[in-house]
Amino acid sequence: MNNRRRLLSLLVAVFSVAGVSRAVGAEGLLLFTGNRLWEFCGDDPQGLLCSGYVAGVADAMLQNDLMAKNSEGVGGWHACFRTHPTVGQLANVVKQWLQSHPEKRDNGAAGLVAEALQQAFPCSP
């Protein structure tokens, strides 16, 4: 496995296991904000940190929805991936959403990613 793929797999595992649905510490401090994700999405020439974080949240959304019909999703957000988007496509959706919503970037990154994915891949009623 090459280094890029290994790093992406590690990031996905870390963010999935870390409970991305709530990026809040015991004192209510955000561990990872949309501002930080926006920096990663713009500063990383290969997009590994941005793509890895987005993939982790998307994976958590899929896992939550597969495990329980009435799941809380990620931060209350649900996405229905009818097609099979690539991680790069998902990251592009999130980058565009973050660019269009700078006023929300102070919020937790996981919830913002989930909101962006829900808007791009809505579930039918």
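Up top you'll find the structure we're talking about.
Read on for a plain summary of the structure. (Residues numbered from 1 in each chain as written. Predicted model: local features only at pLDDT ≥ 70, side-chain atom pairs only at ≥ 80, totals over all residues. Heavy atoms only, no water.)

Some words on the packing of aromatic side chains
Condition: Pairing of aromatic side chains here covers Phe, Tyr and the six-membered ring of Trp, requires ring centres within 6.5 Å, and sorts the geometry by plane angle: under 30 degrees stacked, over 60 edge-to-face, intermediate tilted. Each helix is a run of DSSP H or I of at least 4 residues and each strand a run of E of at least 2, with the numbering of both proceeding from the N terminus. Each residue is assigned to one of three classes by its accessible area relative to the maximum for its type, calculated with a 1.4 Å probe on protein chains only: buried under 20%, partly exposed between the two thresholds, exposed over 50%.
Here the structure, examined in full by the defined rule, presents three aromatic pairs. Geometrically, the ring pair formed by Phe81 and Phe121 is tilted, given 5.0 Å between the ring centres and 50° between the ring planes. Here Phe81, found in the loop between helix H3 (48-67) and helix H4 (87-100), pairs with Phe121, found in the segment after helix H5 (109-120); they are 40 residues apart in sequence, far enough to count as distant. No difference in accessibility class separates Phe81 from Phe121, as the two residues are buried. These aromatic residues form a ring-pair network of at least three members: Phe32, Phe40 and Tyr53.

Concerning the pattern of salt bridges
Rules: By convention in these notes, a salt bridge is any Lys or Arg side-chain nitrogen within 4 Å of a carboxyl oxygen on Asp or Glu.
Under the counting rule described, the total for this entry stands at two salt bridges. Its salt-bridge partner being Arg36, residue Glu39 comes within 2.9 Å of it at the nearest N-O pair. Taken together, the residues span about one helical turn, with Glu39 and Arg36 both in helix H2 (residues 34-43) at a distance of three residues. In this structure Glu39 comes out as partly exposed when scored by relative accessible area, which is 37%. The partner of Lys104 in a salt bridge is Glu115, and the shortest N-O contact between them spans 2.8 Å. In this pair, Lys104 is assigned in the loop between H4 and H5 and Glu115 in helix H5, connecting sequence segments eleven residues apart. Taking the relative accessible area as the measure of exposure, Glu115 reaches 9% and is therefore buried.

Thoughts on the packing of H4 against H5
Worth spelling out the cut-off: Axes here mean lines fitted to C-alpha atoms, for a helix over just the part in contact, with angles spanning 0 to 180 degrees between N-to-C directions. By definition in this entry, angles of less than 35 degrees are roughly parallel, angles greater than 145 are roughly antiparallel, angles of 65 to 115 are roughly perpendicular, and the rest are oblique. In this analysis, two residues are considered to be in contact whenever any of their non-hydrogen atoms come within 4.5 Å of each other. Each residue is assigned to one class: nonpolar for Ala, Val, Leu, Ile, Met, Phe, Trp, Tyr, Cys and Pro, charged for Asp, Glu, Lys and Arg, and polar for all the others, Gly among them.
Remark: H4 packs on H5, axes separated minimally by 9 Å, with the N-to-C direction vectors making an angle of 105°. As summarised for this structure, H4 and H5 are arranged roughly perpendicular, according to the angle between their axes. Here Leu90, Val93, Val94, Trp97 and Leu98 of H4 lie close against H5, whose contacting residues are Leu112, Val113, Glu115, Ala116, Leu117, Gln119 and Ala120. By residue class, the composition of the contact of H4 with H5 is ten nonpolar, one polar and one charged.

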